[in-house]
Every structure is written in structure tokens, then in C-alpha cells.
Amino acid sequence: MKLVAFLGPSLPASEAHCTLLPPAQKGDVWRALDRLRPDSIALIDGVFESAPSVWHHEILDALDAGVLVYGGASMGAVRAAELHSRGMRGVGRVFEWYRDGRITDDSEVALLHADAEHGFRPLTVPLVNVRWAAECAERAGILRPAEARALVASSARIFYQERTWPRVLEALSAAARMRWERFEVPDVKADDARQTLRAAKKPRSRWPATPRQPAPSSWVRRARLDEAELARLRGRPDARELVEAGLRRALLAGWARECGLQPLAGEVRAAERSWRERLGVRTRAELCVRTGLTGSDLVRACEELALERLAIDHAPRMIADGPGPDEALAVEARLRGLWGRRRH
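Residues numbered from 1 in each chain as written. Predicted model: local features only at pLDDT ≥ 70, side-chain atom pairs only at ≥ 80, totals over all residues. Heavy atoms only, no water.

Engineer: Give me the pattern of salt bridges: which residues, what numbers.
Structural biologist: Under the counting rule described, the total for this entry stands at 29 salt bridges. Of the charged contacts, one joins E82 and R79 as a salt bridge, the two residues approaching to 3.0 Å between their closest N and O atoms. One end of the pair, E82, and the other, R79, are both in helix α3 (residues 75-83), three residues apart, so they sit about a helical turn from each other. The class of R79 is buried, set by a relative accessible area of 7%. Because the salt bridges share partners, they merge into one network encompassing D34, D61, D64, R212, R224 and D297. (Salt bridge = Lys/Arg side-chain N within 4 Å of Asp/Glu carboxyl O. Helix = DSSP H or I, 4+ residues; strand = E, 2+ residues; numbered from the N terminus. Buried < 20%, exposed > 50% of the residue type's maximum accessible area, 1.4 Å probe, protein only.)

Pasting the structure below:
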């Protein structure tokens with residue numbers, strides 16, 4: 001089973017033992033689906049301010065494709081709390097805090113860290129680590145309840161890029177700081193990251209690729225497209241022909257759907273077989289690789305092809321007094337200058 005993990009400051013890369021990618025930002029899950037084709041994804045760390053954060057739509061597309069998506073520790077915990085009802089699997093204490101509403105702000109897991117060259121080493125302390133350390137210290141008798149509450153409250157007022165342990169501990173009295181010195185400070189984000197990776201590595205069967213309904217909006221679909229590949233295609237001499245053929249197919253399928261037509265499973269399978277034969281590939285997996293589609297994207301495309309076929313096969317009934325095959329043949333022949341050639 002191929003596991004891809006988005007990991008940064010929450011845990012040293014040496015502990016991951018899987019395909020690693022840096023903290024996720026918008027588009028990274030889509031790119032991982034298209035280029036790496038994982039069986040499961042562990043979303044741990046993500047970007048908050050320096051770039052747009054990973055989108056919910058990307059995670060939903062991964063789930064649609066049958067990919068198991070786990071989240072915990074940091075950005076993964078945030079997204080898992082938001083999407084656990086849609087199939088994303090949340091792991092760990094931080095996820096539970098977000099899911100149960102104990103914490104709500106993304107900034108709870110934010111921290112300043114070094115760049116990739118320096119292993120994303122954390123430079124400040126996330127508030128969730130302070131919360132858990134204060135709770136553990138209170139249980140161990142290191143801090144009194146009022147001291148633990150004051151530590152968390154004071155830490156919450158410190159900007160995350162300035163929140164270091166020396167700065168955090170300024171909220172404690174000298175006596176409390178002396179007690180703290182014999183306390184082994186826990187790291188809840190690191191613990192949750194390890195737990196997330198362990199869960200994602202457990203062998204499990206992928207669920208079937210199933211496109212969600214309703215489909216993502218055209219704005220989301222456009223955002224997913226690879227700009228470099230689009231630029232290459234725009235340079236082809238037949239680019240305009242490809243655009244018009246794609247638009248005709250999409251409009252015809254969309255119109256058929258608005259008319260209430262729904263393809264049967266056998267019709268979708270027939271569309272896939274025809275597509276595979278046209279491209280000379282034998283299996284769905286080969287077709288996905290050839291077309292750059294995930295399993296769910298391919299199913300949706302086959303549904304579109306089946307709807308197009310239904311609209312064409314039922315053309316006389318699609319509109320009042322609709323055209324039949326003979327009329328269509330004659331009209332197209334005239335447009336192409338083929339009508340009446342037998343007389344010349």
C-alpha cells in the first residue's frame with residue numbers, strides 16, 4: 001500500500017518511513033493524486049499564512065477516488081474535524097479537541113518553523129502543546145489548577161510567531177518554574193503525528209471510486225487543472241477543435257441530465273469499454289494512467305459519455321418533433337459538401 005504523508009514541523013522526517021511531501025498548501029493533494037496515485041494520505045502539516053491552505057475539495061476528491069485520507073496533529077486535525085462526517089479519518093487528541101469544540105481556532109496549531117533545508121524545525125510552540133503540557137503538569141502535581149489555567153490563558157495572548165517556552169513560562173511564579181524544571185514536557189502534536197502515520201500504514205482495502213453528487217462547481221474543476229498542461233494543449237494546431245468537441249459533449253450531457261436522463265450501470269460500462277478500445281488500453285487502471293484521471297474522475301467522465309450517447313440515441317424524443325438519424329445524416333452531409341456527389 002502506497003502512503004503519502006504531508007509532514008513538516010510536527011515530527012522529524014526520519015520517523016515517517018513513507019513517501020514524504022512538505023506541509024500541504026492549496027493544490028498539493030490534487031497534485032499528489034495525479035502524480036503519485038497513493039492508496040492512502042496522511043495529512044499532518046499544512047500551510048496557514050504564506051500560501052492558501054489545502055482545500056476541502058481536494059480531500060473530498062481524494063475520498064471520491066477511493067483514497068483513504070487520515071488527518072491529525074496540525075492542519076490535518078483541523079481538516080479532519082471539518083470532514084470526518086464525509087469520510088476523512090481523524091486521529092489523535094488535537095483532532096478530538098477540534099471535533100468536540102474544545103478548541104476552534106486554526107491558530108491553536110500554528111507555529112513558526114524553519115524551511116525545508118533545515119528540516120522544518122519548529123521555532124515556536126503551538127498553543128495545543130501548551131494546553132496539553134499544562135493539563136499533564138496539573139495531573140502530575142507540578143502545577144496547581146490556577147497556575148495551569150493562567151499558563152494557557154497567558155500563552156493564548158502571545159502571537160504564535162513569538163510564543164516560545166521561555167516566553168510562555170513567564171506567566172508562572174518563580175516557585176512554579178522551579179517545579180516545572182523537573183517536568184518532562186510532552187509534545188501532543190508529535191504524539192498525534194506518530195499516531196496518524198501508524199493509522200495510515202495499517203493495511204485496509206480502498207473503497208470503490210464513487211463521484212460525489214452534486215459534482216464540484218465549474219470554478220473548483222477549473223482550479224484543479226494543471227496550468228502547464230493547459231499551456232501545452234493551447235499550443236496544438238487542433239486546440240480550437242478540441243475545445244469545441246469538449247464543449248459539445250459537455251453541453252449535450254448536461255442537457256440530457258437536466259432532461260432527467262440517468263445512465264444505467266451497463267451503459268456507463270459500455271462507454272468505458274468503447275473509450276478503452278479507442279485508446280487501445282485493456283484495463284481501467286491503464287485508462288486512468290493514460291488520461292491522468294483518478295478512478296472517480298474516470299467514472300464521472302464515463303457517465304458523461306453515456307449521457308451523450310443517450311441524448312443522441314433518443315434525439316427524436318429529446319425535443320418536440322426532434323430530428324431522426326436520416327435527417328441528421330442529410331444535414332451533416334450538406335454541411336460537409338457531401339450531398340449530391342453521386343450526380344457529378
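Additional details are given in the paragraphs that follow.
Engineer: I'd like to hear about a nonpolar patch on the surface, residue by residue, with values.
Structural biologist: Where nonpolar side chains cluster on the molecular surface, the patch consists of V243, L247 and L251 and spans about 290 Å² of accessible area. Within the secondary structure layout, L251 lies in helix α12 (residues 239-258). Under the relative-accessibility criterion, L251 is labelled exposed at 62%. (Patch = residues over 30% accessible without salt bridge, like charges linked within 9 Å, V, L, I, M, F, W, Y side chains within 5 Å. Areas by Shrake-Rupley, 256 points an atom, 1.4 Å probe, with all protein chains shown as cover.)

Engineer: I'd like a description of the sheet that holds strand β1 (residues 3-6), backed by residues and values.
Structural biologist: One open sheet holds the five strands; their spatial order is β2-β1-β3-β4-β5, and the pairing between them is parallel. Edge positions in the open sheet fall to β2 (19-21) and β5 (89-91), since each of these has one partner strand only. Shown here is a sheet whose adjacent strand axes are inclined to one another by a mean of 20 degrees, direction ignored. Relative to strand β3 (residues 40-43), β1 is paired through four bridges, and the arrangement is parallel. By the bridge assignment for β3, V4 is matched with I41. Packed on one face of the sheet, helix α1 (residues 28-35) meets β1, β2 and β3 and runs near 160 degrees to β1. Against the sheet, α3 touches β3, β4 (68-72) and β5, its axis set at about 120 degrees to β4. (Pairing = 2+ DSSP bridges. Axes fitted to C-alpha atoms, helices over the stretch in contact; angles between N-to-C directions. Contact = heavy atoms within 4.5 Å.)

Engineer: Explain the side chain of E58 to me, using residue names and the numbers behind them.
Structural biologist: By the secondary structure assignment, E58 is in helix α2 (residues 56-64). Put simply, E58 is tucked away with no salt bridge, and the nearest opposite charge, on R31, sits 6.4 Å away. Ignoring sequence-local partners within four residues, the contact set of E58 consists of Q25, K26, G27, D28, V29, W30 and L33. (Lys, Arg positive; Asp, Glu negative; His and termini not counted.)

Engineer: Outline unusual backbone geometry, listing residues and values.
Structural biologist: That bond from Q213 to P214 is cis: its omega, 0 degrees, falls within 30 degrees of zero. Position of P214 relative to the elements: it lies in the loop between α9 (188-201) and α10 (218-224). If you check the backbone angles, H17 has positive phi at about 55 degrees while not being a glycine. As for its placement among the helices and strands, H17 is situated in the loop between β1 and β2.

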